[in-house]
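Tertiary structure, described
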Amino acid sequence: MADGRHGQDPELSAALRIRASGSRATRWRIRILQALLDAGKPLSHQELQESLRQDTGELVDRVTLYRNLDWLLQQGLAHRITTDDRVWRFGVANDAAHPPHPHFRCLRCGELLCLADTQLPRPELPQGYALRDVDMVVNGICPHCQGQSATEDPESRDTTAASPDARSPRQRSR
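Nothing here was measured: the structure is a model prediction, and the numbers come from that model.

Rules behind the numbers
- Residues numbered from 1 in each chain as written.
- Predicted model: local features only at pLDDT ≥ 70, side-chain atom pairs only at ≥ 80, totals over all residues.
- Heavy atoms only, no water.
- Salt bridge = Lys/Arg side-chain N within 4 Å of Asp/Glu carboxyl O.
- Helix = DSSP H or I, 4+ residues; strand = E, 2+ residues; numbered from the N terminus.
- Buried < 20%, exposed > 50% of the residue type's maximum accessible area, 1.4 Å probe, protein only.
- Core = buried A, V, L, I, M, F, W, Y, C linked by side-chain atoms within 4.5 Å.
- Contact = heavy atoms within 4.5 Å.
- Pairing = 2+ DSSP bridges.
- Axes fitted to C-alpha atoms, helices over the stretch in contact; angles between N-to-C directions.
- Parallel < 35°, antiparallel > 145°, perpendicular 65-115°, else oblique.
- Nonpolar A, V, L, I, M, F, W, Y, C, P; charged D, E, K, R; others polar.
- pLDDT = per-residue confidence, 0-100.

So, on to the pattern of salt bridges. Under the definition given, this model contains three salt bridges. A salt bridge links arginine 27 to glutamate 58, with the nearest nitrogen and oxygen atoms 3.1 Å apart. Separated by 31 residues along the polypeptide, arginine 27 in helix α2 (residues 27-39) and glutamate 58 in the loop between α3 (45-56) and α4 (62-74) bring together distant segments of the chain. Residue arginine 27 is classed as partly exposed on the basis of its relative accessible area, which comes to 45%. Using a relative accessible area of 29% as the deciding quantity, one classes glutamate 58 as partly exposed.

The following block contains the structure:
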């Protein structure tokens, strides 16, 4: 899977992408984009916050994380994947090193995986319509969960309960 580095210093890769957008490469912009490049799969806010804490030893506050993710989305450096568990996950934006592709979501554990070797068809749009992006999520059961319990119904497990990001703000404050 492409991580966007192509043999370059990892920090340099994120910084170059940010500077190429014509913007200032701040410390958190670089760190957040690099975490997405290194992950090899889309990450939720919570997963990204934990990854950054492990990598830097610092806890990035939620506002800083949300603000920088929004900026990366606006600049076209990251994309957001929405699944039916209502958790936004973020990955590296589609480019030559990371072309548009579907994602696989495990119905039991909630893992989201890039299916980078699968190309998405370009839909035919009526005249006058402009395509911005195509999102496709394939739902199923990952190998790990298949081995755990063959008798459990995949639809019976609520993967949204395991993720604080999936709860409403009111539920999170309880």
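Here the narrative resumes.
A word on the nonpolar core. Core analysis: the biggest nonpolar cluster contains 23 residues, and Ile32, Leu36, Leu48 and Leu52 have the highest contact counts within it. Looking at this core, the elements that each hand over two or more residues are α1 (10-20), α2, α3, α4 and β3 (88-92). For this core, the element with the highest residue contribution is α2, accounting for seven residues. If near-sequence neighbours (up to four positions away) are discounted, isoleucine 32 is found in contact with Leu48, Leu52, Thr64, Leu65, Asn68, Leu69 and Leu72. Of all hydrophobic cores here, the second largest spans six residues; its members include Cys106, Leu107, Cys142 and Cys145.

It is worth spelling out the environment of alanine 15 at this point. Relative to the helices and strands, alanine 15 resides in helix α1. Here the alpha-carbon distance between alanine 15 and threonine 26, two residues eleven residues apart in the chain, equals 8.4 Å. Leaving out residues up to four positions away in the same chain, alanine 15 has contacts with Ala25 and Ile30.

Spatially, β5-β4-β6 is the arrangement adopted by the three strands of the open sheet, whose pairing is mixed. Each edge of the open sheet is held by one strand with a lone partner, namely β5 (112-114) and β6 (137-140). Across the sheet, the axes of successive neighbouring strands diverge by a mean angle of 25 degrees, strand direction being ignored. Across four bridges, the pairing between strand β4 (residues 103-106) and β6 is parallel. Bridging from a neighbouring strand, cysteine 106 pairs with glycine 140 of β6.

Put simply, α2 and α3 touch, their axes get as near as 10 Å, and they point 110 degrees apart. Looking at the two axes, α2 sits roughly perpendicular to α3. Contacts between α2 and α3 pair Trp28, Arg31, Ile32, Ala35 and Leu36 from the former with Leu48, Ser51, Leu52 and Thr56 from the latter. Per-class residue counts for the contact of α2 with α3 are six nonpolar, two polar and one charged.

Chain-level pLDDT for the protein chain is 78 on average; 75% of the residues reach the 70-or-more range. Mean pLDDT in the protein chain bottoms out at helix α6 (residues 169-172), which sits at 39, and peaks at α4, which reaches 94. Here residues 1-9 scores under 50 on pLDDT; set against residues more than four positions off or in separate chains, the count is 16 contacts. Every residue in residues 158-174 scores below 50 in pLDDT, and together they form 27 contacts with partners more than four places removed in sequence or on other chains.

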